Each structure stands twice: as C-alpha cells, then as structure tokens.
Amino acid sequence: MLYGKEHVQRYQETDGAEGHDWNNTTVLLLTTKGRSSGRPYTTPLIYQPYGDDYLVVASYGGAPDDPQWYKNLKAEPEVEVQVKGDKFKARARTARPEEKSDMWRVMAATWPQYDEYQQKTDREIPVVVLERAR
C-alpha cells in the first residue's frame, strides 16, 4: 500500500493509475504553498466529488492540531489539485456550518474512521471544499 512521498510520486508518474484507488476509497493530490517557506507541498488525501467541487477532510487522524496542509491553505487558498490525470487550479475553503453536516456525511460514508477521529479530539475537524478555478 502506498503512503506519503511514495504515494505522491507513483500517483504523479501514472496519472493516478497507481494511487487514486487506495484502501477501498479514492485519493486526490492537493498541492499547497508553504505558509512560511513558500515551497509547494503535495499531499495525498481521500476525497469525494460534491457537485462540481471536491471534498477533503482535515482530520489528521483525530490529532489535537490541524494538519500542515490545512494551515497552508488557510494562509493561501489558491491550490493545485490532481484527480487521476486531471490537474487543475482550485480555491480551497472551509465548509460553512450550514453545509458541513451533509458534506461530513458524504465523507464519512467513504471513510468511516472520520467519525472516530472526531470523537478522539476536541478540535472541530474541518471539511474543505475545493472549487475548480473558472
């Protein structure tokens, strides 16, 4: 099973033929700009389509702090996304309270551990909406 940098590398080399389907779910690549370094960072994340957008969850396995990629996109919401061979620019935003419950349901259906992660932490785990740049 692919993880971390190897996951990113194989996904990029094969346009997602290796790495998109992962552990009975689907993964995209999210590239954020480091809020301190300014360097690009690419992270494989479980996703689901949601209308014209894509959803990812900043779960960090239920850790008490947000993942670095989420901190980066909060500082700079212009990101790059790769879904299989489709590479595009997007704007990332945190789901609004009135839309989050439905989005959470969609994401927990594809990765039930999200509910466990939320129970492990006092932090409100964000759902992130990736809106393709028009």
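Residues numbered from 1 in each chain as written. Predicted model: local features only at pLDDT ≥ 70, side-chain atom pairs only at ≥ 80, totals over all residues. Heavy atoms only, no water.

(A) Up close: the packing of helix H3 (residues 97–110) against helix H4 (residues 113–120). For the pair H3 and H4, the least separation of the axes is 7 Å and the interaxial angle reads 115°. On H4, the residues touching Trp 104, Met 107 and Ala 108 of H3 are Tyr 114, Asp 115 and Gln 118. A class-by-class count of the residues in the contact of H3 with H4 yields four nonpolar, one polar and one charged. (Axes fitted to C-alpha atoms, helices over the stretch in contact; angles between N-to-C directions. Helix = DSSP H or I, 4+ residues; strand = E, 2+ residues; numbered from the N terminus. Contact = heavy atoms within 4.5 Å. Nonpolar A, V, L, I, M, F, W, Y, C, P; charged D, E, K, R; others polar.)

(B) A look at the pattern of salt bridges. This model, assessed by the stated rule, comprises 14 salt bridges. The partner of Arg 123 in a salt bridge is Asp 66, with the nearest N and O atoms 2.8 Å apart. Pair noted here: Arg 123 is in the loop between H4 and strand E8 (127–132) and Asp 66 is in the loop between strand E5 (53–57) and helix H2 (68–75), with a separation of 57 residues, a long-range link. On the basis of relative accessibility, which here comes to 14%, the residue Asp 66 falls in the buried class. (Salt bridge = Lys/Arg side-chain N within 4 Å of Asp/Glu carboxyl O. Buried < 20%, exposed > 50% of the residue type's maximum accessible area, 1.4 Å probe, protein only.)

(C) Representation of unusual backbone geometry in the model. Positive phi outside glycine occurs at Asn 23, with the angle close to 50°. Structurally, the position occupied by Asn 23 is in the loop between strand E1 (21–22) and strand E2 (25–33). Positive phi values are uncommon outside glycine, yet Tyr 60 reaches one of about 50°. Tracing the backbone shows Tyr 60 in the loop between E5 and H2. For Tyr 60, a relative accessible area of 47% gives the class partly exposed.

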